[in-house]
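# Inside the fold
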Amino acid sequence: MLKVKKWSALCAIGISALTLAACSSSKNTAAPKSISMPTTYSATGKATKSGNDSTVDAAEVTDAPFEGITLAVLQDNVEDSDVYSPGGGDALFKSNKNFKIVNGGLANLKLDRSAKTATITIRKNARWSNGNQVTAKDVEYAYEIIANKNTSAQQYSSDSTNLKGLAAYHTGKAKTISGITYPNGQNGKQVVLHFKRLSPAMQYSGNTFIWGTVVPYAHIKNVKISKLSSSPAIRKHPVFVGPYKLYHQVDGESTNWIPNQYYWGKQPKVKHVNIQVVSTTNAAAAFKAKKYDFALGGLPASQYKSVKKVSGYSLVGAPSLSYGYFGFNLGYFDTKTNQNVMYKHSKMGNKNLRKAMMYALDLDKVNQKMLNGVQWRANTLIPPIFKAYADTKNPGFPYNMKKAKQLLKSAGYKKKGKWYVQPNGKKLTISYGVMQASTAAESIDQYQVQQWRKLGLNVKFTNGRPMEMNSFYSVLSQPKQNKIDVFSGGWSLTSEPTPTQFYSGL
C-alpha cells in the first residue's frame, strides 16, 4: 500500500492513460473503435561494420525533468524507469510472454508448496557494473528497504506481511527479517523466503509477495535507508546489473550508456545508447527530423495521425500495463501510527458526488475525437492486457449528465445560486490538480472542468493552472495536504493482475 494512500479508488476507472486500451460499453454510445498496431518490429537488413561503434538515440517523451532515482525499489514514476532501463531495471527474474517466471534470468525461482518457501538462486557469474558479486544479501536488503518505517519506497502492502517476520521488522519489534535465510551465507548465491502461505500469484513477475528486483548492498550499506533516494550512491554513482552501465547523465535531461563489461549475458551489439527528454509538444517534429531512433514512454495519443506516416519509422504498440485515474482527497497518512486516516467530514467523501463527477464526462467522445482512438475509457482496475481477467462487459461510467444531476440531488446537494452547496449548506469549491502536458491533454483538462461546472459544481484548477510534474507530486506525496481535492494521474501496474499491493489495507 502506498505510504500516502489517501485517495479513493472508486473513480480510478474514470479515464485511461494514453496507452491504455480498456474496453467499455454504454447504452448511450457505441463502443469506441480501437487502433490496431503490430507489437514488434524486425529489421530485414544485415548489420554493417559500422555497428561495431553503433549508437541508438531514444526520446523519453515527457513534459518535465526526470527525478533521477536509479534504484528500482525506490522509483515511483515511469520516467525514471525509462531513462535508466538500459541498466536492466535491477530485475531478478526472466518471464515469458504470459508474465510467468521462467529460468534464465539473473536468478531462478523455485516454489515449495509443502514447505511454504520460495528459493531464489542467483547465477554464479552475476555481477554489478562495478565488478561486485551479486549476493544473497542484495536480495534480502530490498525487503529491508521496502519495510523500513523511514523509507521512501512505496511498495509495502498487506501482501508483504505474508513473508514471515516482515511485519515485526516494519513495526520495529525486530531488527532482522526472520523469514529470510541464507543457506550459503549472506555472501552466497541463494536465498530462501519463508511465507505464511503460498499464492498462485508468486509464479508471475510483478507479484506483490516476492520482490522482483535486487539492490547493491555493498554499494549502499553505509547510507541510511531514509537518505537513500537523495544519496550520491543512487543519484551520481549508481551501479547496475543489466547489459549497460551509465557513462554520463545530465540531471533531469539525459542519460548515456555504454556496455557493462560485467554483464552476465551476451554483450550488447549496440555500443552507445543515448536517452534524451523530449517534450510532448516537440516529439512529433523531432521524429520527422529523424533526431531519434525510437520513443520511450510513448508518443501522445493526440499526435497519432501526425506521426503514423512519417517515413523511415514503423509504429508498434500494445495495450499498456497502466491506466489513468481520478483521485479524491479523503484523508491523510498518520506518520506516528503509519496508518491512513479518513476525514470524518471530507469534502469529497460523498460517494454520489464522486460518481456524479464521472458521469458528467463524455470520455468516449474525447478519446475518439481528440486522441484518435489510441485510448479508451477504462472500466475497471484490471486492464484488457490481462485477457483472462478483464471484465469487458462492465459499463464503467459512460456519459450521463442526467444521472449525474440525479445522484447529487439524491445525496442532498442543493443549488444556491449558480453552484451546488454541500448537504450541510456549506459552500462547495473543488480544487482540481493536473500536470502540465501536451496541448491536447490540457484541452481535455479544460473540458473536464467545463463539464463539472456545467453540472453545477464550482471546480477550479489548483493554483489556477496545470502544475509542473514534480511540484504536482510534491503536493500529493505530503502526508497531509489541502491544496488538491481531486487530481488526475497515471498509474503503472505490475505484470501480475491482482491489485492488492495498491488497494488493500494493511
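The sections below set out a description of the structure shown in this document. All figures in this text were calculated on a predicted structure; none of them were measured in a lab.

## Regarding the pairing of strand β7 (residues 190–194)
- Examined bridge by bridge, strand β5 (residues 117–122) and β7 share five bridges and lie antiparallel to one another. Bridging from a neighbouring strand, Thr121 pairs with Gln190 of β7.
- With two bridges connecting them, strand β6 (residues 180–181) and β7 associate as antiparallel partners. Looking at β7, one finds that Thr181 is bridged to Val192.

## What about the environment of Asn103?
- When you line up the elements, Asn103 lands in the loop between β3 (101–102) and β4 (107–112).
- On the basis of relative accessibility, which here comes to 52%, the residue Asn103 falls in the exposed class.
- Taking C-alpha positions, Asn103 is 27 Å from Gly317, a pair spaced 214 residues apart along the chain.
- If we skip the residues at most four places from it in the chain, Asn103 touches Lys94, Asn108 and Leu109.

## Quick word on the pairing of strand β10 (residues 272–278)
- The pairing of strand β1 (residues 55–61) with β10 spans seven bridges and is classified as parallel. What sits directly across from Asp57, in β10, is Asn274.
- Two strands pair when backbone bridges link them, and strand β9 (residues 254–259) and β10 are joined in this way by four bridges, in the antiparallel orientation. Paired with Thr255 across the strands is Ile275, a residue of β10.

## Here we look at the sheet that holds β4
- Here we have four strands laid out as an open sheet, ordered β4-β5-β7-β6, and antiparallel in their pairing. Whereas interior strands pair on both sides, the edge strands pair on one side only; in this sheet they are β4 and β6.
- Strand direction decides the pairing type here: β4 and β5, joined by six bridges, are antiparallel. The residue bridging Asp112 from the neighbouring strand is Thr117, located in β5.
- Of the strands in this sheet, β5, β6 and β7 touch helix α2 (residues 136–147), which is tilted by about 35 degrees from β7.

## Details of unusual backbone geometry
- Even without being glycine, Lys116 reaches a positive phi, approximately 60 degrees.
- Summarising the element assignment, Lys116 is placed in the loop between β4 and β5.
- Overall, the relative accessible area of 39% leaves Lys116 in the partly exposed class.
- Its identity is not glycine, yet Asn463 carries a phi of approximately 65 degrees, on the positive side.
- If you trace the backbone, Asn463 turns up in the loop between β18 (458–461) and α12 (469–476).

## Topic: the packing of aromatic side chains
- Counted under the stated rule, the structure contains 17 aromatic pairs.
- Plain terms: the ring middles of Phe66 and Tyr84 are 5.9 Å apart, the flat faces sit at 85 degrees to each other, and that makes the pair edge-to-face. With Phe66 in the loop between β1 and α1 (78–83) and Tyr84 in the loop between α1 and β2 (94–95), this residue pair connects regions lying 18 residues apart in the sequence. Each member of the pair, Phe66 together with Tyr84, is buried.
- Taken together, Phe66, Tyr84, Phe240 and Trp257 form an aromatic cluster joined through their ring pairs.
- We note Lys137 situated over the ring of Tyr217; from NZ or CZ to the ring centre the distance is 5.1 Å.
- In this arrangement the basic side chain of Lys480 is found over the ring face of Tyr332, its NZ or CZ atom lying 4.7 Å from the centre.

What counts and what doesn't
Residues numbered from 1 in each chain as written. Predicted model: local features only at pLDDT ≥ 70, side-chain atom pairs only at ≥ 80, totals over all residues. Heavy atoms only, no water. Pairing = 2+ DSSP bridges. Helix = DSSP H or I, 4+ residues; strand = E, 2+ residues; numbered from the N terminus. Buried < 20%, exposed > 50% of the residue type's maximum accessible area, 1.4 Å probe, protein only. Contact = heavy atoms within 4.5 Å. Axes fitted to C-alpha atoms, helices over the stretch in contact; angles between N-to-C directions. Phe/Tyr/Trp six-rings, centres within 6.5 Å; stacked < 30°, edge-to-face > 60°. Lys NZ or Arg CZ within 6 Å of the ring centre and 35° of its normal.

Interpretation in functional terms is not warranted from these geometric data alone.
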